[in-house]
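Reading the structure
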Amino acid sequence: STLTPEDLRRILDLQLEHFKRAGVASNGSSATPTGPAIVGGVETVDYILERAAATGEPFLPEQVHAVVECQVTYLRVIGMVGRPAGDDGPGPEAPRAGR
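Residues numbered from 1 in each chain as written. Predicted model: local features only at pLDDT ≥ 70, side-chain atom pairs only at ≥ 80, totals over all residues. Heavy atoms only, no water.

**What about the nonpolar core?**
Ranked by size, the top nonpolar core spans 12 residues in total: Leu-3, Ile-11, Leu-14, Val-45, Ile-48, Leu-49, Ala-52, Phe-59, Val-64, Val-67, Val-68 and Val-72. Of all the elements in the fold, those that place two or more residues in this core are helix H1 (5–21), helix H2 (41–54) and helix H3 (61–77). Those residues in contact with Phe-59 that lie beyond four places of it in its chain are Leu-3, Asp-7, Arg-10, Ile-11, Leu-49, Ala-52 and Val-64. (Core = buried A, V, L, I, M, F, W, Y, C linked by side-chain atoms within 4.5 Å. Buried < 20%, exposed > 50% of the residue type's maximum accessible area, 1.4 Å probe, protein only. Helix = DSSP H or I, 4+ residues; strand = E, 2+ residues; numbered from the N terminus. Contact = heavy atoms within 4.5 Å.)

**What about the pattern of salt bridges?**
Under the counting rule described, the total for this entry stands at 2 salt bridges. Two residues, Glu-57 and Arg-10, come together in a salt bridge whose shortest N-O distance is 2.6 Å. One end of the pair, Glu-57, is in the loop between H2 and H3; the other, Arg-10, is in helix H1, with 47 residues separating them in the sequence. Judged by its relative accessible area of 27%, Glu-57 falls in the partly exposed class. Across the pair Arg-51 and Glu-17 runs a salt bridge, and its minimum N-O distance is 2.6 Å. Of this pair, Arg-51 sits in helix H2 while Glu-17 sits in helix H1, and the two are 34 residues apart along the sequence. (Salt bridge = Lys/Arg side-chain N within 4 Å of Asp/Glu carboxyl O.)

Right under this line is the structure:
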């Protein structure tokens, strides 16, 4: 455990910032996202790492991956991310917003 509570908050804030830029989190200004969006994964981690480094808060990729995976797991459990509506096919579930 090398992250402080402040580090966790910063990573989650940057993840939310990334969601907003991707059109996933809009704070009620739209009833639905503009289309399917993949949350979590390499693009999210890269965004967080780049933004954090730009503001003098360098994190290790392993740290950010762990926080993002934990958050995506939580969102999946509460039903906020999952397969696109109507997709009940086999295979691993890619986390998508707006289930």
